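For reference, the chains in residue letters:
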Amino acid sequence: MTLWHFFSADSSKALRFEISRWILCSEAPDRCPPDAMAEGVFAGDDVTVRDVPLDDALTVVFWPLANPFAGFEENVALVGSGTGLGELLTSGIDPALRTWVLDPYEAGVPIEEIISTVTALGREFEDFPFGEDPVTTTICYRAPEDTWLLANPVWLTHPDDPWPPGYNGLYDWWTTLEIRDGSPILYLHANLVAG
């Protein structure tokens, strides 16, 4: 599934999903790696495009990085609505990354200097929108409930990435869409540093 968030001319917010069907490797072994298990899957070529409004009908389950300084060591899911996700994007992470990362980069500031500045400000000011995850030292966005969302500006070194950055338009967060009883649930994993 490829996913983009976009904002139309009438300012309504939506997620655009490009969805393809999972196909078992056993049904088309030539499309999977030679050592793939028979129950392995790959995305088929047929794609369906669906726009899902960022409203209260969409349930969003966020898996951020845990913040041990906030009193918990393990990840805690943040459950909200598409409306909340839209606000997080349009009023939070999108403008913060544009102000502190993209605009300086487009003005010619080297990515290494941007990362250094963002890291230093994040250490000095607790209300700065970015900080370093204390375990991985990866740059993250300061999310609700004292959690971290990966937002490493290294994506700027890949000039083909769109805005918002990342292959899926959501900062390279891993995404899964579930339809349960006819209602969409979007799972966002903003915590995968590697693997």
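Everything numeric in this text was worked out from a predicted model, so none of it was measured.

Visitor: An account of the sheet that holds strand S8 (residues 147-150) is requested, with residue identities and associated values reported.
Guide: Strand order in this open sheet of three strands is S6-S7-S8, and the pairing throughout is antiparallel. Each edge of the sheet is formed by a strand with only one pairing partner; in this case those strands are strand S6 (130-132) and S8. Adjacent strand axes in the sheet meet at a mean angle of 50 degrees when their direction is disregarded.

Visitor: So what's going on with the nonpolar core? Which residues, and what values?
Guide: One finds Phe62, Leu85, Phe130 and Trp173 to be the most contacted residues of the largest nonpolar core, which totals 35 residues. Of all the secondary-structure elements, those providing two or more residues to this core are strand S2 (13-24), strand S4 (59-63), helix H1 (82-106), helix H2 (111-124), strand S7 (139-143), S8 and strand S10 (183-189). Per-element accounting of this core gives the leading share, seven residues, to H1. Those residues in contact with leucine 85 that lie beyond four places of it in its chain are Leu15, Leu54, Val60, Phe62, Leu186 and Leu188. Core analysis: the second largest hydrophobic core is formed by five residues, Ile23, Ala28, Cys32 and Phe42 among them.

Visitor: Residue-level account of unusual backbone geometry, with values.
Guide: In this structure, aspartate 181 takes a positive phi of about 55 degrees despite not being glycine. Topologically, aspartate 181 is positioned in the loop between strand S9 (174-180) and S10.

Visitor: Explain the environment of leucine 85 residue by residue, including any values.
Guide: For leucine 85, the position within the fold is in helix H1. Sequence separation between leucine 85 and aspartate 56 is 29 residues, and the spatial gap between their C-alpha atoms is 9.9 Å.

Visitor: Explain H2 residue by residue, including any values.
Guide: With 14 residues, H2 ought to run about 20 Å at 1.5 Å a step, and its terminal C-alpha atoms sit 20 Å apart, in line with that. Among the residues of H2, those classed as buried are Ile111, Ile114, Val118, Thr119, Leu121 and Gly122. Seen end-on, H2 carries its buried residues on one side only, within an arc spanning 170 degrees. Of the residues in H2, the exposed ones pointing more than 90 degrees away from the buried face are Glu112, Arg123 and Glu124. Looking at the packing, one finds that the buried side of H2 touches H1, S6 and S7.

What counts, and at which threshold
Residues numbered from 1 in each chain as written. Predicted model: local features only at pLDDT ≥ 70, side-chain atom pairs only at ≥ 80, totals over all residues. Heavy atoms only, no water. Pairing = 2+ DSSP bridges. Helix = DSSP H or I, 4+ residues; strand = E, 2+ residues; numbered from the N terminus. Axes fitted to C-alpha atoms, helices over the stretch in contact; angles between N-to-C directions. Core = buried A, V, L, I, M, F, W, Y, C linked by side-chain atoms within 4.5 Å. Buried < 20%, exposed > 50% of the residue type's maximum accessible area, 1.4 Å probe, protein only. Contact = heavy atoms within 4.5 Å. Expected span 1.5 Å × (residues − 1). Arc of directions from axis to C-beta.

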